Amino acid sequence: MAIDLPSRARVVIVGGGVIGCSVAYHLAKLGWSDIVLLERKQLTSGTTWHAAGLVGQLRQSINMTQLARYTGDLYRGLEAETGQATGYRQCGSISLATTAGRMEELKRNASMAKVFGLPVNVVGRSEIRSLYPLAHLDDVIGGIHIPSDGYANAVDITQALAKGARSAGARIFQDVKVTAIHNDGRRVSGVQTAHGRLDADYVVLCGGMWTRNLAASAGVTVPLHACEHYYVLFKDVPGLSPDLPVLRDYDHCSYFKYDAGKLLVGAFEPHARPWGADGIPEDFEFGEIAGDFSHFEPVLLDAMRRIPALEQAGIQKFFCGPESFTPDVRYHLGESTELERLFVAAGLNSIGLQSAGGIGKVVAEWIRDGHPPVDLWEVDVRRNMPFQINRKYLRERVSESLGLLYATHWPFRQYETARGARKSALHDRLAAAGACFGEAFGWERANWYAPAGTVPAGTAPAYAYSYGRQNWFEHSAREHLAVRGAVGLFDQSSFAKFRLEGADAQRVLNRISANEVNVAPGKMVYTQWLNERGGIEADLTVTRLTETAYLIVGGAETESKDFNWLKRHIDPSAHCVLTNVTSGMGVLSLMGPRSRELLQSLTPDDVSNEAFPFATSRTIELGYALVRASRITYVGELGWELYVPTEFMQGVYDELLAAGPRHGLVHAGYHALNSLRIEKAYRHWGHDITDEDTPWEAGLGFAVKLDKPGGFIGREALARQRDSGVRKRLVQFKLKSPQPLLYHNEPIWRGSSIVGFVRSGMYAHSLGAAVGLGYVTVPPGGDGALGGTPGGAAIDADGYEIEVAGIREPATASLRPLYDPKNERIKG
Ligand SMILES: Cc1cc2nc3c(=O)[nH]c(=O)nc-3n(C[C@H](O)[C@H](O)[C@H](O)COP(=O)(O)OP(=O)(O)OC[C@H]3O[C@@H](n4cnc5c(N)ncnc54)[C@H](O)[C@@H]3O)c2cc1C
C-alpha cells in the first residue's frame, strides 16, 4: 500500500508504543504542529499490547514518583477527554512485607510520599485482610496501601493517547520502518524509511527494545536489552472482584491483578532470561515467546500459597513476552550525548505503562524548552557510558535488572552481574589489602576494607545488607577516623579527567565556568558550570597547567555529560582541543593531617605549606614517576590528589605503602569518602546540587565571580536571583539521636509542615550521628536576600525534624559545615 509520507516534519517520533504515543500526545498538546509518528508495524504491536496494566505511583525516588503520579492523573481523565475507553480503574494497591527489611523499606517509602502529598497508608495484617480477603497472610508483617493506584488496559490507553494526539494535529503512520537516522555528525537532521527520507528538526527514539541498535547505527549510546517477562491468567477464581486492589508480594516476586474476569499473576523473578541477543525477528509483531514454564513455576507455587483460591482455579493462559531492561533499572530519557536534538525515551523496565504519561510530558517540555523541566538526572540518557551497549555486558546485567524491581532496595546494594568491566591499575593490590568493591559506572571501586588479618578468614570483604548498621559500618568508621587523625589513601582513578589545550582554552573555559579560571599556571579553581537558568550542570576542579592548557576533573558518573557539555560550548572558531584523558591517569588521594609528612618522606620536592599552598598543583617526583600533585580535598583535611600516569600507578602505590606504616597510613574506601565529605557539607553533584539548584541556593556563592570580565553562562540568572533573593537553601542537618540512619529522600519537617527532603545522608563518625543535606524553603520571616545567609536566622534555629520510616527525629540545622566550619584543617 502506498504511504504518502511528508518530506519533512518538525518532530519525528520513532515507535508507536505507549511511550511514542504519549510523546506525540504531549507535544501536540503543547501546540506543536507538524508532529509525525512512525511505527514499523501497528500501534502497540511491540511490548505495549501485552502489558499487564498496573498503574502504580510510588517509585524509589521523588521525581520518578511525581512522573508516575502525573500518569495516574492523566489516565483518570483520558477517556472523558478522547472518547476512547481506557479500562482505567482506581482500585488501589497493597504491597506486602514478610521481612523486617522490607517493612522498613515500605515505611521509608510511605514517608517519602508525604513530600508531595501522595496518600500512602501503612497497614497491618487485619487491614490487609479486609482489603484483600483472598490472600493468605500468616507470614505477612504488614504493608502499605495506596488508595489512588489502579490499573488500565495498555492497548486502550495507547489508542486514547494516539487519538488525542491526532485530534491535536499530530500525524501517525503505521507500517513505516525507520531504517537510518540522518545527521551531520553534530545534529540530527531526519530519518530514512522505505517510503523515502523525512527531514526533521527533532527525532525522538521511542522504539522500545529496538532502540539500542537503531541508536547505535548513528553512534548514539542507549544501553538496553530485552528479557522474557512472564504472567499467567487464572479463570474461575472464587471470590474475585474488579474492585480488589492490585496486590504486590515483593518478597515472593509476584503481583496479582484483576483482569477482565480473571486473575493475572505476574513475576519478577531474581534471575531473568535475556531475549533477542541475536536480533529481533523482522516479522515480530504482537509477538509472544514460547518461554519456559519451569522458569516461572517457583514463583507460581509461591503465588498459589499466597492466594489459596488459585488451587481451585484453572490456568487460562501462560504468557511470556519481551520487555527491554537497562543496566541500572532506570529508563533512558532526554537529548542524547552524541547528537543534538536526537531525543530518547526507551528502556522502560516493565513500568512503561505507569510511567508513560509523565515521560511524554517531560520529554515534550524538554524538547520545547531545550532543558528538562525538573531534575531528571537519574533517568537522563547522558549518564550512560559508551561501553554499556556491549552485548555481553547487557545480557549479563539485565538478567539481574528484572528481579531488582521487586528485590529489597537495600542501601548500598551492589550489582552482582557484569562486574569487573573497568578496573583501576591497583585493583588487584587493593583486593589483596581487603577491599570490598562496589560498582559505579562500570568502575570497580573500593568501598571499604575488611580489617587486616581477617582476609581470607574472619570478616570477608562482602556486604551483609540491612537498613541498620551494615557489616562494614565499624570498618568504614575506622577508615574515616584515621583520615581525620592520621592519613588515608583513596584510589580515585575513576575521576573523569579532560585536557583542554590551545590558544583559546582560557576563553572557552571561562565562558562556561562561574568561577574565574584565568589564573596563574599551577593554580586550581573549584567551579560550577551553569545553564542559562543558573542551575548547576557540573561541579569540577580546573587546574591551569600552562598558559594554554587546563586539566579538568569531575565525578565518574558525569564523564560523558561533562565532556559533552564542554565540547558543545567550544565555538567552531575557537582554537583549542578537548581530550578525555581518564584512562591515561590514575588518581591516588592522600588525605589527613599526616599526609604532608608521608609525602615529604618520598619526594625531593618541597611540599611545605609555604612552597605548596592550598589549591595549587605541580609536578613532583615520587618513586620512579613524575606525578601531578594537587593540593585539594573532598574530605576536609590537609591532603593531595596525586595524578599518576596509569603505567606508574603500581610503583607509586608500592612506594606509599612501604613508607605508610611510619605515618599511620590506612586504606580508605568510598563509603568513608562519603561520610567524610558529608560531615564537612561538601556537595555532591546529582544529589545535593543539580541542574535546578543555583550556587546561591546551594551555598556555593564563594565560587561565583559575577563580575569577571566577559561574564559566563548563567550569570544573568544569578544576578537576578541575587537581587530577588532565594526561596530555598541547602542546609546541613545532624540528627540529635546517634541511632537512626539517613540515606536520602527523608522528609524534613519544620513544625507541622514539610519544608524539604534529604538529598544525601550518611553517618558522620566525627560528629557521632547521621547527617543529611537538604534544601528547605526559606521560612516566613527569612528575607531570602543574599547578604550572607538568606533566611539564616530562622534556618539556623532548632525546631527541625527528619522523618525516618514514619518517626520524626529531632535534628540540628546549620548553614555552615558542622565539621571544621572555619576550614582550619585544610589550610594548615
Ligand atoms: C509481560 C509484561 C507485563 C507488563 N506489565 C506492565 C504493567 O503492568 N505496568 C506497566 O507500567 N508496564 C508493564 N509492562 C511494561 C510495558 O509494557 C512497557 O514498558 C511498555 O509497553 C514499553 O513501551 P514502549 O513504547 O517503550 O515500547 P513498545 O511498546 O515496544 O513500542 C516500541 C515501538 O517501536 C516500534 N519500532 C521499533 N523500531 C522501529 C523503527 N525502526 N521504525 C519504526 N518503528 C519502530 C515497534 O514496532 C514498537 O511498536 C509489562 C511488560 C511485559 C512484557
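The coordinates are above.
In what follows, the accompanying structure is described. Since we're looking at a predicted model, the values are computed, not measured.

A word on the overall build of the protein
The secondary structure content of the protein amounts to 20 helices and 38 strands. A compact globule built from 828 residues should have a C-alpha radius of gyration of about 28 Å, and the protein, at 27 Å, falls within 12% of that. Projected onto its principal axes, the C-alpha positions of the protein cover 80 × 65 × 55 Å. A burial count over the protein gives 62% of its 828 residues as buried. Within the protein, contacts between residues separated by at least 24 positions form 73% of all contacts whose residues are at least 6 apart in sequence. Split by element, the accessible area of the protein, about 29,300 Å² in all, is 51% carbon and sulfur. Computed over 86 positive and 91 negative side-chain charges, the separation of the two mean positions in the protein equals 3 Å.

A few points about the packing of aromatic side chains
Here the distance between the centres and the angle between the planes together describe a pair of aromatic rings. In the structure shown here, the tally under the stated rule is 30 aromatic pairs. Centre to centre, the rings of tryptophan 49 and phenylalanine 319 are 5.7 Å apart; their planes meet at 90°, and the pair counts as edge-to-face. In this pair, tryptophan 49 sits in the loop between strand E2 (35–38) and strand E3 (54–55) while phenylalanine 319 sits in strand E17 (residues 314–325), placing the two residues 270 residues apart along the sequence. Note on tryptophan 49: relative accessible area 23%, which makes it partly exposed. You can call phenylalanine 319 buried: its relative accessible area is 2%. When the ring centre of tryptophan 640 is taken as reference, the NZ or CZ atom of arginine 631 above it lies at 5.8 Å. Across from the ring centre of tyrosine 775, 4.7 Å away, lies the NZ or CZ of lysine 728, which sits over that ring.

Here we look at the site of the ligand
In the vicinity of the ligand lie 37 residues, with Glu39, Thr48, Leu54, Glu323 and Gln354 positioned nearest. Glutamate 39 is positioned with one of its side-chain polar atoms (N or O) 2.7 Å from an oxygen atom of the ligand. A distance of 2.9 Å separates a nitrogen atom of the ligand from a polar backbone atom of valine 178. Burial of the ligand by the protein amounts to 98% of the accessible area it has alone, namely 1,000 Å².

Remarks on the pairing of strand E9 (residues 178–183)
The sheet contact formed by E9 and strand E10 (residues 188–193) spans five bridges and is antiparallel. Bridge pairing in E10 places alanine 180 opposite glutamine 192. Hairpin connection of E9 to E10: four residues between the antiparallel strands, including glycine 185 at a positive phi of 90°.

Considering helix H18 (residues 715–724)
Of all the residues in H18, the buried ones are Arg715, Ala717, Leu718, Ala719 and Gln721. Summarising the contacts, the buried residues of H18 are in contact with strand E24 (524–530) and helix H17 (695–698).

With respect to the sheet that holds strand E25 (residues 536–546)
The strand order E24-E25-E26-E23-E27 describes an open sheet built from five strands, whose pairing is antiparallel. Across the chains shown, the open sheet's two edge strands, defined by having one partner strand only, are E24 and strand E27 (577–580). Ignoring strand direction, the axes of neighbouring strands in this sheet form an average angle of 30°. Pairing of strand E23 (residues 496–501) with E27, which is carried by four bridges, proceeds in the antiparallel orientation. Residue pairing across strands places arginine 499 opposite threonine 579, the latter belonging to E27.

Observations regarding the pairing of strand E4 (residues 93–97)
Taken across its five residues, E4 has five buried, putting it largely inside the fold. Side-chain alternation along E4 places Ser93, Ser95 and Ala97 on one buried face and Ile94 and Leu96 on a second face that is also buried. Of the strand pairs in this sheet, E4 and strand E6 (residues 142–146) are connected by five bridges, and their pairing is antiparallel. Bridge pairing links alanine 97 to glycine 142 in E6. As defined by bridge partners, E4 adjoins strand E13 (residues 246–249) across three bridges and the pair is classed as parallel. Bridging across to E13, serine 93 finds its partner in valine 246.

Some thoughts on helix H7 (residues 293–306)
Between its first and last C-alpha atoms H7 spans 19 Å; for 14 residues at 1.5 Å apiece the expected length is 20 Å, and the two agree. At valine 299, H7 shows its maximal bend, which comes to roughly 30°. Those residues of H7 that sit buried are His295, Phe296, Val299, Leu300, Ala303 and Arg306.

Observations concerning the sheet that holds strand E36 (residues 769–777)
One closed barrel accounts for six strands, arranged E33-E36-E35-E34-E37-E38; its pairing is antiparallel. On average, each strand axis in the sheet is inclined to that of its neighbour by 40°, with strand direction left out of account. As defined by bridge partners, strand E34 (residues 747–750) adjoins strand E35 (residues 753–764) across four bridges and the pair is classed as antiparallel. Bridge pairing in E35 links arginine 750 to serine 753. Its contacts with the sheet place helix H16 (residues 670–679) against strand E33 (728–735), E35 and E36, and it is angled at close to 130° to E35.

Considerations on the side chain of threonine 44
Relative to the helices and strands, threonine 44 is located in the loop between E2 and E3. For threonine 44, a relative accessible area of 2% corresponds to the buried category. Contacts of threonine 44, omitting those with residues within four sequence positions, involve Gly16, Gly17, Trp49, Val155, Thr158 and Phe286.

Focus on the packing of helix H1 (residues 18–29) against helix H2 (residues 62–82)
It is at 14 Å that the axes of H1 and H2 come closest, and there the two elements cross at 75°. Overall, the two elements H1 and H2 adopt an arrangement that is roughly perpendicular. Residues Val18, Tyr25, His26 and Lys29 of H1 touch H2, and the partners they reach there are Tyr70, Leu74, Tyr75, Leu78 and Glu81.

Things to note about the nonpolar core
Membership of the largest hydrophobic core comes to 120 residues, with the highest contact counts inside it found for Ile13, Tyr75, Tyr132 and Ile307. Setting aside residues up to four positions removed in sequence, tyrosine 132 forms contacts with Ile94, Leu244, Pro245, Leu247, Phe256, Leu263 and Ile307. In this structure, Leu602, Ile620, Ala625 and Leu638 belong to the second largest nonpolar core, which totals 30 residues.

A short note on the pattern of salt bridges
Scanning all chains against the criterion turns up 52 salt bridges. Notably, a salt bridge pairs glutamate 105 with arginine 102, separated by 3.6 Å at the nearest N-O pair. In this pair, glutamate 105 and arginine 102 both sit in helix H3 (residues 100–113), three residues apart, roughly one turn of the helix. No difference in accessibility class separates glutamate 105 from arginine 102, as the two residues are buried. Between aspartate 723 and arginine 722 there is a salt bridge; the shortest N-O distance is 3.6 Å. Classification of aspartate 723 by relative accessible area gives exposed; the value is 62%. Counted as one network, the salt bridges with shared partners bring together Arg397, Glu400, Arg413, Glu416 and Glu439.

Some thoughts on the packing of H1 against helix H8 (residues 352–369)
The contact between H1 and H8 brings their axes to 8 Å, and the two run at 40°. Between H1 and H8, the angle falls in the class oblique. Pair H1 / H8 crosses with right-handed handedness. When H1 is examined against H8, the residues Val18, Ile19, Ser22, Val23, His26 and Leu27 are found in contact with a partner set consisting of Gly352, Leu353, Ala356, Gly357, Ile359, Gly360, Lys361, Val363, Ala364 and Ile367. Split by residue class, the contact of H1 with H8 holds ten nonpolar, five polar and one charged.

Quick notes on the environment of alanine 152
You can see alanine 152 is positioned in the loop between strand E7 (150–151) and helix H5 (154–167). Judged by its relative accessible area of 4%, alanine 152 falls in the buried class. Residues alanine 152 and threonine 86, spaced 66 residues apart in sequence, show a C-alpha to C-alpha distance of 6.2 Å. Setting aside residues up to four positions removed in sequence, alanine 152 forms contacts with Gly53, Val55, Thr86, Gly87, Tyr88, Ile157 and Leu353.

Regarding the side chain of glutamate 323
Turning to its location among the elements, glutamate 323 is positioned in strand E17. Arginine 59 is the oppositely charged side chain nearest to the buried, salt-bridge-free glutamate 323, at an N-O distance of 11 Å. Here the side chain of glutamate 323 touches serine 350 through a polar contact of 2.6 Å, landing on its backbone nitrogen. Among residues more than four places away in sequence, those in contact with glutamate 323 are Thr47, His225, Ala226, Cys227, Leu348, Asn349, Ser350 and Ile351.

Cut-off values and rules
Residues numbered from 1 in each chain as written. Predicted model: local features only at pLDDT ≥ 70, side-chain atom pairs only at ≥ 80, totals over all residues. Heavy atoms only, no water. Helix = DSSP H or I, 4+ residues; strand = E, 2+ residues; numbered from the N terminus. Rg over C-alpha atoms; globule rule 2.2 N^0.38 Å. Buried < 20%, exposed > 50% of the residue type's maximum accessible area, 1.4 Å probe, protein only. Contact = heavy atoms within 4.5 Å. Areas by Shrake-Rupley, 256 points an atom, 1.4 Å probe, with all protein chains shown as cover. Lys, Arg positive; Asp, Glu negative; His and termini not counted. Charge placed at Lys NZ, Arg CZ, Asp CG, Glu CD. Phe/Tyr/Trp six-rings, centres within 6.5 Å; stacked < 30°, edge-to-face > 60°. Lys NZ or Arg CZ within 6 Å of the ring centre and 35° of its normal. Near = heavy atom within 4 Å. Polar contact = N/O pair within 3.5 Å; in protein donor to acceptor, adjacent residues only side chain to side chain. Pairing = 2+ DSSP bridges. Axes fitted to C-alpha atoms, helices over the stretch in contact; angles between N-to-C directions. Expected span 1.5 Å × (residues − 1). Bend = angle between axes of the 7 residues up to and from the residue. Parallel < 35°, antiparallel > 145°, perpendicular 65-115°, else oblique. Core = buried A, V, L, I, M, F, W, Y, C linked by side-chain atoms within 4.5 Å. Salt bridge = Lys/Arg side-chain N within 4 Å of Asp/Glu carboxyl O. Left-handed = near helix turned anticlockwise from the far one by under 90°. Nonpolar A, V, L, I, M, F, W, Y, C, P; charged D, E, K, R; others polar.

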